[in-house]
Structure formats: structure tokens, C-alpha cells
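# An overview of the molecular structure
This is what each chain is made of:
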Amino acid sequence: MQVPFVDLKAQYRALEGEIVPAVTAVMERGDFIMGRALEEFESAFAELIGTRYCFGVASGTDALHLALCAAGIGAGDEVLVPANTYIATALAVSEAGARPVLVDVRPDTFNMDPEQLDGALSERTRAVLPVHLYGQPADMAAIGAFAERHGLQIIEDACQAHAAVRDGTRCGAFGRLGTFSFYPGKNLGAYGDGGAITTDDAEAAERIPMLRNYGQKVKYEHLMRGGNSRLDTLQAAILNVKLKHLEDWSRARFAHAVRYTELLGDVDEVGLPAFDASAPLSHVFHLFVIRVPQRDALLAFLKERDVSCGIHYPIPIHLQPAYADLGYAPGAFPVTEQAAGEILSLPMFAELTDAQIAYAAESIKAFFAKG
Ligand SMILES: *Cc1c(COP(=O)(O)O)cnc(C)c1O
């Protein structure tokens, strides 16, 4: 038995009959940049998230960067970012010219801890950038109340949380702006890079199309200095096909998470994700992350048994050379730092079979049984 971490080929085989004609249609129309499939995708995705607008861009990192620019955030500003996230969240803040100020996470969900926000606040704080990590919505009620109290904007990093819902609102619809990645391995993935920004805000909706397209609204009239960050029509055509399956895939991922939880519930050494097993879509399980003190030994043992796992993420942002200049010392974010040594992402994708889950769980049990 082999259990890959993700299996993009299995998904393609299941969708080939829909994808090939969708891609061919774009090539026959020749509308490769800002074409019909892009418009179709933008309206379908806005409808799913429940926002008035959606704009396709070139990646999740660009979605974050352009969303920050559209919100008027730049040099001299500070943005509160969880210490435990993919580094792209912080890089986008830096790219906008602002400073990422890190905030530790909760030990149960690994999401931004609202209780740590006050300590990170300064005169220069302009925005909060919560990440819905691993596919689980952050505590938006508490983060929203904090932002309201201090007059801060909220920009969401929903790059791992396509279609996840909390209190009746989808991730990407809580803040002034929501951002998504369609990197191939994400829950909704293109066949290359891609991203999107969602918003209800009319002013941002004026600016984003210019920011992604050389600052022009009408060709050759440049109202601002924008860049080139568009979502390819070909990628949009692929995403249109996949979007129809997203909810089914999310439910499949959730069912796999429930299954893992049942199978591993009696293994004392394994810390399981905290989620409501009776509420599908309250967590879309981009990743199924367990926590074990003997993580590196378990990872090696599973690899030997052909169960591929990952670590998301092994080195916290504040300990990366790229961010040495932020001046955080080791120990600055104890929850994040401890997690980095203990977390392990188990195989998770919609097409995972019951037998594969059972084998992965048995392998984990075998590791602890051998002591
Ligand atoms: C993937 C990801 C990004 C970056 O998206 P890209 O499309 O790879 O640029 C940003 N934030 C988080 C949390 C992500 O998982």
C-alpha cells in the first residue's frame, strides 16, 4: 500500500472529460488574457463566497499584496499577521512596503490568538491579516471586535480555506478583502499559479482591476502605477470545471478527517485537530494536522511504510533568515515554536480511500506500539 500526500493525477483522471473541452474552447476562442472563462469564474466564485466582487490575479501571494495595496496599506504601516502561517502571508505585507507584526496562535487550532492582539498593537497598526489555517476559519468574532475597537481593516488570508464557513459566513467574506490561492495543491487548484481577491467594497473594486492590469481601466490610459497580475483565461477555464466539485471535495475531506479521528482517538500520544465533527464545512481540511512529541521519528517511520506526510511549517517566520531584521528572538512566540517541532500533516485529499486512511492510521499505531 502507498499513501501519497496528495494525488493530483487521480483528480485529473476523474475530470479529464470536462477539462479537456474547457481548455480547448479557450484555445479556439483565443481570448487568453481577460477572456470569457475568467469573467465566468469571477462571478461564480463571488457567488460562492457571498461577496459582490471577485477578481482573479496571478497567485495567492499577489492576491494578498494587491489587497493590501487596494486597502491603502504601505510604507510606515504595520499589519498583524499570525506567527504560524506560510511565509507568503508576511512576504505580501513586506512587498506592499509595510511591516508584518507577528501574533502567536492558539495551541488547539493553530489560528491567530485574539488574546495576543492587544500586545502587538502600536500607533502604526493599520490592519489585521488573519489566516484560516489548514482550512479552519479563524476566530473572526473576536478578531472583528478587536479590529472594530481600534479602527483597523481586516484582510483575510483564505488561501487554505476555499468554501469554509463560520457562523453562516464564508471565509473571504468576513473582512474588507479576502484572498485566495489556486496553487495546484490547494483545495481548489489550477494547473499552474493563480489567485483571487473577494470583496464587497466598491472603492477596492475600483482599484484592484487597475492594480492587476498596468493601472489602466481603458487600454493605454494609465490612471495609476499598477503591475501585471492577471489570472490566465486557461486557468480560469480549469477552475470553472473544478469549482462545481469543490463542495463535494470539501465534504469528502471532512469525512476523511472524521475517519482519521475515529481511528486515532485511542492513541494517547496523538493530539488530534480540534473541530466540530457535526458541522461539515466548518473546516475544509486543506491539511489534517496532528501533533506528536516524537514527530521526526514518526515521520521517518511513516515514510518507510510509504505513507507520505508533511510539516506545515517546520521553521516559524520569525526564525527565518529572510526576517532576521524584524528582530524577534527565539522564544518570542512559544506556541508557534513548540508546534513547529510537533506538528505532522497526514495524507489528505478528496480521492483518498478508506483503505489508505486505515493503513495510515494503523502505521501510526504500529509506531507507538513498538515504543
Ligand atoms: C498557498 C498560500 C499562500 C500563497 O499562495 P500562492 O498562490 O502560492 O502564492 C499564502 N498564504 C497561505 C496561508 C497559503 O497557504
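Residues numbered from 1 in each chain as written. Predicted model: local features only at pLDDT ≥ 70, side-chain atom pairs only at ≥ 80, totals over all residues. Heavy atoms only, no water.

### Quick notes on the overall build of the chain
Check the secondary structure of the chain and you find twelve helices and 13 strands. Relative to its length of 371 residues, the chain is compact, with a C-alpha radius of gyration of 21 Å against a globular reference of 21 Å. Taken along the three principal axes of its C-alpha coordinates, the chain extends 70 × 55 × 35 Å. Each of the 371 residues in the chain was classed as buried or not, and the buried ones make up 54%. Considering only residue pairs separated by 6 or more positions, the chain has 69% of its internal contacts joining residues 24 or more positions apart. Accessible area of the chain: about 15,400 Å², with a carbon and sulfur share of 51%. The chain carries 31 positive and 47 negative side-chain charges, and their two centres are separated by 3 Å. (Helix = DSSP H or I, 4+ residues; strand = E, 2+ residues; numbered from the N terminus. Rg over C-alpha atoms; globule rule 2.2 N^0.38 Å. Buried < 20%, exposed > 50% of the residue type's maximum accessible area, 1.4 Å probe, protein only. Contact = heavy atoms within 4.5 Å. Areas by Shrake-Rupley, 256 points an atom, 1.4 Å probe, with all protein chains shown as cover. Lys, Arg positive; Asp, Glu negative; His and termini not counted. Charge placed at Lys NZ, Arg CZ, Asp CG, Glu CD.)

### Some points on the pattern of salt bridges
Using the criterion set out here, one finds 15 salt bridges in the structure. When the shortest N-O distance is used, the salt bridge between lysine 217 and glutamate 206 registers 2.9 Å. Note that lysine 217 is positioned in strand β10 (residues 216-218) and glutamate 206 in helix α7 (residues 202-211), a separation of eleven residues in sequence. Put simply, arginine 259 and glutamate 262 hold a salt bridge, and the shortest N to O gap is 2.7 Å. Highlighted residues: arginine 259 and glutamate 262, both in helix α9 (residues 246-264), separated by three residues, approximately one helical turn. (Salt bridge = Lys/Arg side-chain N within 4 Å of Asp/Glu carboxyl O.)

### Considering the packing of aromatic side chains
Aromatic ring pairs are described here by two measures, namely the spacing of the ring centres and the angle between the planes. Using the criterion set out here, one finds 16 aromatic pairs in the structure. Measuring from centroid to centroid gives 5.5 Å for phenylalanine 254 and phenylalanine 275, while their planes differ by 90°, and the two rings are edge-to-face. Remark: phenylalanine 275 occurs in the loop between α9 and β12 (288-291) and phenylalanine 254 occurs in helix α9; sequence separation between them is 21 residues. With relative accessibility at 18%, the residue phenylalanine 275 sits in the buried group. Each ring, one from phenylalanine 275 and one from phenylalanine 285, has its centre 4.9 Å from the other, and the planes form 80°; the classification is edge-to-face. (Phe/Tyr/Trp six-rings, centres within 6.5 Å; stacked < 30°, edge-to-face > 60°.)

### Considering the side chain of histidine 132
Relative to the helices and strands, histidine 132 resides in the loop between β4 (125-128) and α6 (140-150). Residue classification places histidine 132 among the buried positions, given a relative accessible area of 0%. Among all residues touching histidine 132, those that are not within four sequence positions of it are Asn111, Pro137, Ala138, Met140, Glu156, Asp157, Ala158, Gln160, Ala161, Cys171 and Gly172.

### Quick word on the site of the ligand
Around the ligand, 15 residues are found, and the nearest of them are Gly60, Thr61, Asp157, Ser181 and Lys186. Glycine 60 places a polar main-chain atom, nitrogen or oxygen, 2.8 Å from an oxygen atom of the ligand. The contact in question runs from an oxygen atom of the ligand to an N or O atom on the side chain of lysine 186, over 3.0 Å. Against a free-state accessible area of 380 Å², the protein chains account for coverage of 92% of the ligand. If you list the elements that add at least two residues to the shell around the ligand, you get α3 (60-70) and α4 (88-95). Per-class residue counts for the shell around the ligand are five nonpolar, eight polar and two charged. (Near = heavy atom within 4 Å. Polar contact = N/O pair within 3.5 Å; in protein donor to acceptor, adjacent residues only side chain to side chain. Nonpolar A, V, L, I, M, F, W, Y, C, P; charged D, E, K, R; others polar.)

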